[in-house]
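Summary of structural features
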Amino acid sequence: MENQAITASGRISIAQYAMALAHVASLRSEDPFRKVGAAALDYDNRVVGTAYNGLAPGFDAPEGFWDDRDARQKFMLHAEVNLCSLFKRGEVKLIASTTMPCTACMQTLCAYGIEEIYYRDIYQASDAPEIAATYGIKFEQVTDYPLG
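Note that this is a predicted model, so its numbers are computed, not measured.

**Concerning the layout of surface pockets**
When its volume is computed, the largest pocket comes out at roughly 320 Å³. As for the largest pocket, its lining consists of 16 residues, and the residues nearest its centre are Arg34, Val36, Gln73, His78 and Tyr123. Secondary structure elements with two or more residues in the lining of the largest pocket: helix 2 (69-72) and helix 3 (79-84). Here the lining of the largest pocket is composed, by residue class, of seven nonpolar, four polar and five charged.

Following this line, the structure appears as structure tokens:
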């Protein structure tokens, strides 16, 4: 799927569509170091929701919070976790994320029954490819999409 061109009809693929949505969601991230967005589509390719990495809703970070990446990292909610809070198990067919899910997020996506996962950036510290292969989840990199 990497660098898939727009079809002859001028339509982008569903994976490209989902990745463009994830990209836009990432623009809302309050994390100055890593902006991650994610999008979920149902079995009719309708948008269930979008999410991004950030702090818990309603939490206002104190002054200096964003200065120390290591210290604040444990408080960050990943885009995939925020996204899963928007649906029930079995309601979503595919997820697109601007970064490959970390191992813990990949485990969460498996628990929600996600069948297809698309990502833009590779995250080297993740066991996601192995987990996807074990569970038979379609797992592909998508780098060519509108806004990308």
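There is more to say, and it comes next.
**Details of the UniProt feature "domain: CMP/dCMP-type deaminase" (unreviewed entry) in the protein**
Per the UniProt entry, the sites bearing "domain: CMP/dCMP-type deaminase" (unreviewed entry) are residues 13-135 in this numbering. Counted over residues 13-135, helix gives 33% and strand 19%. Its end C-alpha atoms are 24 Å apart.

**Quick notes on the side chain of Asp31**
Within the secondary structure, Asp31 is located in the loop between helix 1 (14-26) and strand 1 (37-41). By relative accessible area, Asp31 is classed as buried at 3%. Here the side chain of Asp31 touches Arg34 through a polar contact of 3.3 Å, landing on its backbone nitrogen. One polar contact links Asp31 to Arg72, side chain to side chain, over a distance of 3.1 Å.

**Re the pairing of strand 5 (residues 138-141)**
Because side chains alternate across strand 5, one face comprises the buried residues Phe139 and Gln141, and the other comprises Lys138 and Glu140, none of which is buried. Pairing between strand 4 (residues 116-121) and strand 5: four bridges, direction parallel. Along strand 5, the bridge assignment pairs Tyr119 with Gln141. The parallel pair strand 4 and strand 5 is bridged by helix 5 (residues 128-135), and the resulting crossover is right-handed.

**Digging into the packing of helix 4 (residues 103-111) against helix 5**
Running from amino to carboxyl end, helix 4 crosses helix 5 at an angle of 20°, the nearest separation of the two axes being 9 Å. Classified by the interaxial angle, the pair formed by helix 4 and helix 5 is roughly parallel. Seen from above, helix 4 lies across helix 5 with right-handed handedness. Here Thr103, Met106, Gln107 and Cys110 of helix 4 come into contact with helix 5, specifically with Ala128, Ile131, Ala132 and Tyr135.

**Some points on the packing of aromatic side chains**
Tallied over the entire structure, the rule returns five aromatic pairs. Between the aromatic rings of Phe65 and Trp66, the centroid separation amounts to 5.1 Å while the plane-to-plane angle is 90°, which identifies the pairing as edge-to-face. When the ring of Phe87 is compared with that of Tyr112, the centres are 5.4 Å apart and the planes differ by 80°; the resulting orientation is edge-to-face. Highlighted residues: Phe87 in the loop between helix 3 and strand 3 (94-99) and Tyr112 in the loop between helix 4 and strand 4, separated in sequence by 25 residues. Look at Phe87 and you get buried, because its relative accessible area is 7%.

Thresholds, definitions, all that
Residues numbered from 1 in each chain as written. Predicted model: local features only at pLDDT ≥ 70, side-chain atom pairs only at ≥ 80, totals over all residues. Heavy atoms only, no water. 1 Å grid on protein atoms, 1.4 Å probe; cavity = no way out; pocket = protein on both sides within 12 Å on 5 of 7 lines; lining within 4 Å. Points joined across faces, edges and corners; volume = space filled by probe spheres on them. Helix = DSSP H or I, 4+ residues; strand = E, 2+ residues; numbered from the N terminus. Nonpolar A, V, L, I, M, F, W, Y, C, P; charged D, E, K, R; others polar. UniProt positions renumbered as here; feature names shortened; annotations may be inferred. Buried < 20%, exposed > 50% of the residue type's maximum accessible area, 1.4 Å probe, protein only. Polar contact = N/O pair within 3.5 Å; in protein donor to acceptor, adjacent residues only side chain to side chain. Pairing = 2+ DSSP bridges. Right-handed = clockwise from strand over helix to strand, strands pointing away. Axes fitted to C-alpha atoms, helices over the stretch in contact; angles between N-to-C directions. Parallel < 35°, antiparallel > 145°, perpendicular 65-115°, else oblique. Left-handed = near helix turned anticlockwise from the far one by under 90°. Contact = heavy atoms within 4.5 Å. Phe/Tyr/Trp six-rings, centres within 6.5 Å; stacked < 30°, edge-to-face > 60°.

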